[in-house]
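In case you want the letters, here they are:
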Amino acid sequence: MTISNQESSHILVPTYKYPFPLDLKRAALLVIDMQNAFCNLEGFCGNELGADLSAVRVMIPSLQRMVAWAREHGLLIIVISNKNETLSCTISANNLIKRCGR
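We now turn to the structure provided with this report. (Residues numbered from 1 in each chain as written. Predicted model: local features only at pLDDT ≥ 70, side-chain atom pairs only at ≥ 80, totals over all residues. Heavy atoms only, no water.)

Along the backbone of the protein chain there are four helices and four strands. By the burial criterion, 29% of the 102 residues in the protein chain qualify as buried. As displayed, the protein chain offers around 7,200 Å² of accessible surface, 56% of which is attributable to carbon and sulfur atoms. (Helix = DSSP H or I, 4+ residues; strand = E, 2+ residues; numbered from the N terminus. Buried < 20%, exposed > 50% of the residue type's maximum accessible area, 1.4 Å probe, protein only. Areas by Shrake-Rupley, 256 points an atom, 1.4 Å probe, with all protein chains shown as cover.)

This is how it looks when you write it as structure tokens:
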């Protein structure tokens, strides 16, 4: 994604079919449940349940690039992390927010 006009907060988001305009001053990146219990091979789902995390693992680099892009362009980054005692999650929402910006 590139900003078409450096003075503007609007960009054109490229997509496969229909690019759309986005106002960076009114946008946020929302990240939901990217925590060790669900995404880490040593977390609850991978280690305890033996779940196939390949789809999750494949998208992590894309998410990392998206978070870096959002930081670079000053977007608000909101991270939602579900705390469930039975899943023994290891990262709290506050720690994730501190790690991801703002």
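In terms of nonpolar packing, the biggest core is built from 13 residues, with Leu29, Leu75 and Ile77 touching the most fellow members. No other element matches the four residues that helix H3 (residues 54–72) contributes to this core. (Core = buried A, V, L, I, M, F, W, Y, C linked by side-chain atoms within 4.5 Å.)

The subject of this paragraph is the side chain of Asp23. Assignment of secondary structure puts Asp23 in strand S2 (residues 20–23). Salt bridges are absent for the buried Asp23, whose nearest opposite-charge side chain, Arg26, sits at 4.6 Å. Of the polar contacts made by the side chain of Asp23, one reaches the side chain of Ser9; its length is 2.8 Å. Dropping the residues within four chain positions of it, Asp23 is found in contact with Ser9 and His10. (Lys, Arg positive; Asp, Glu negative; His and termini not counted. Salt bridge = Lys/Arg side-chain N within 4 Å of Asp/Glu carboxyl O. Polar contact = N/O pair within 3.5 Å; in protein donor to acceptor, adjacent residues only side chain to side chain. Contact = heavy atoms within 4.5 Å.)

Moving on to the pairing of strand S1 (residues 10–13). Covered by surrounding structure in S1 are Ile11 and Val13 only, the residues His10 and Leu12 on the alternate face being uncovered. Judged from the four bridges that link them, S1 and S2 form a sheet pairing that is antiparallel. In the strand pairing of S2, Ile11 is matched with Leu22. Between S1 and S2, which follow one another and run antiparallel, lie six residues. (Pairing = 2+ DSSP bridges.)

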